[in-house]
Amino acid sequence: VNLITHGSYANYNSLQLSWQKQSGPITFLTNYTFSKVLGIRDGQSDNGTGNGTTVDPYNIKNNYAPLSYDHTNIANFSAVWQMPKLIHRNRFAGGAVNGWQLSTYTTYQSGAPLQPFTGGSMNAGYAGGLTVPSVGAPNLPNNSILLPNGLVSTNVNESTWLGTNAYGGSGGGLLLPQLVCDPRNHASGLYFNPSCFQMPAYGTQGTLIWPYIRNPAYFDSDLALFKNFQITERQKLQFRLSATNWLNHPLGQFGLAGTGDESLSFT
């Protein structure tokens, strides 16, 4: 019996601050948002990409966590400076030198949660091709999985480990690793502690919702220098020099060369 319902829900709470000030030739505009987006990770969203993979199709509350587009801290700063007139008596030189404006825009955004971006399981890979004694090779070690029906399997997956492939929602197939410590306690230079993830006990699903492991944060600062030259009453010409990421700040990001840097392997 298929029952179609609208069972998912989400909530957004935030503290939003803004500050704007004009001080002579300089205008400042700053805003900051401290927020959290919590809801059911059901793989759906009407606003961009999905909100995260369903990890338990049998209990909707077990999928309640920060959604994939949650960013705890967001800050934006912009300023425009009407540069002072340096030449007063020469009309031609003053037209070329005076009237320039310098603008800047800087933004910072906390990294989103990593679990919903990686299929709910950090792209975990499990053992396959396990050895089992056979007529042709009777001395092979028996590393196979004994199934309830008495047969054996040479692959670790959700069907052989849990007896069903229903985990993971409509897509099916999700075996989660088990957390044995808080992965947010890690050495310098890491985003999480991979040794906190282990194989779940046979017949059990791993940890459904993990602590908030973040993707790398986003930071950018741009500069622009420009001047308008009035050609006629209705026409003007603008010269502009723009520099994107003028601080040459590198941005960390997972998944630039496949998923090797965001995958767990239990093979």
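This part is about unusual backbone geometry. We note that Asn123 has phi near 50°; this positive angle belongs to a residue other than glycine. Locating Asn123 in the fold gives a position in the loop between β5 (101-109) and β6 (125-126). In this structure Asn123 comes out as partly exposed when scored by relative accessible area, which is 29%. Even without being glycine, Asn245 reaches a positive phi, approximately 50°.

This brings us to empty space enclosed by the protein. All told, the structure shown has one cavity of 30 Å³ or more when counted by the stated rule. A volume near 60 Å³ is recorded for the largest cavity. Every residue lining the largest cavity is listed: Arg41, Pro66, Pro113, Leu114, Gln115, Pro116, Trp210, Pro211, Tyr212 and Ile213. Among the residues making up the lining of the largest cavity, the classes are represented as eight nonpolar, one polar and one charged.

The subject of this paragraph is a nonpolar patch on the surface. Together, Tyr9, Ile60 and Tyr64 line one region of the surface with nonpolar side chains, adding up to about 250 Å² of accessible area. Among the structural elements, Tyr9 can be located in the segment before β1 (10-23). Since its relative accessible area comes to 39%, Tyr9 is described here as partly exposed.

What counts, and where the lines are drawn
Residues numbered from 1 in each chain as written. Predicted model: local features only at pLDDT ≥ 70, side-chain atom pairs only at ≥ 80, totals over all residues. Heavy atoms only, no water. Helix = DSSP H or I, 4+ residues; strand = E, 2+ residues; numbered from the N terminus. Buried < 20%, exposed > 50% of the residue type's maximum accessible area, 1.4 Å probe, protein only. 1 Å grid on protein atoms, 1.4 Å probe; cavity = no way out; pocket = protein on both sides within 12 Å on 5 of 7 lines; lining within 4 Å. Points joined across faces, edges and corners; volume = space filled by probe spheres on them. Nonpolar A, V, L, I, M, F, W, Y, C, P; charged D, E, K, R; others polar. Patch = residues over 30% accessible without salt bridge, like charges linked within 9 Å, V, L, I, M, F, W, Y side chains within 5 Å. Areas by Shrake-Rupley, 256 points an atom, 1.4 Å probe, with all protein chains shown as cover. Salt bridge = Lys/Arg side-chain N within 4 Å of Asp/Glu carboxyl O.

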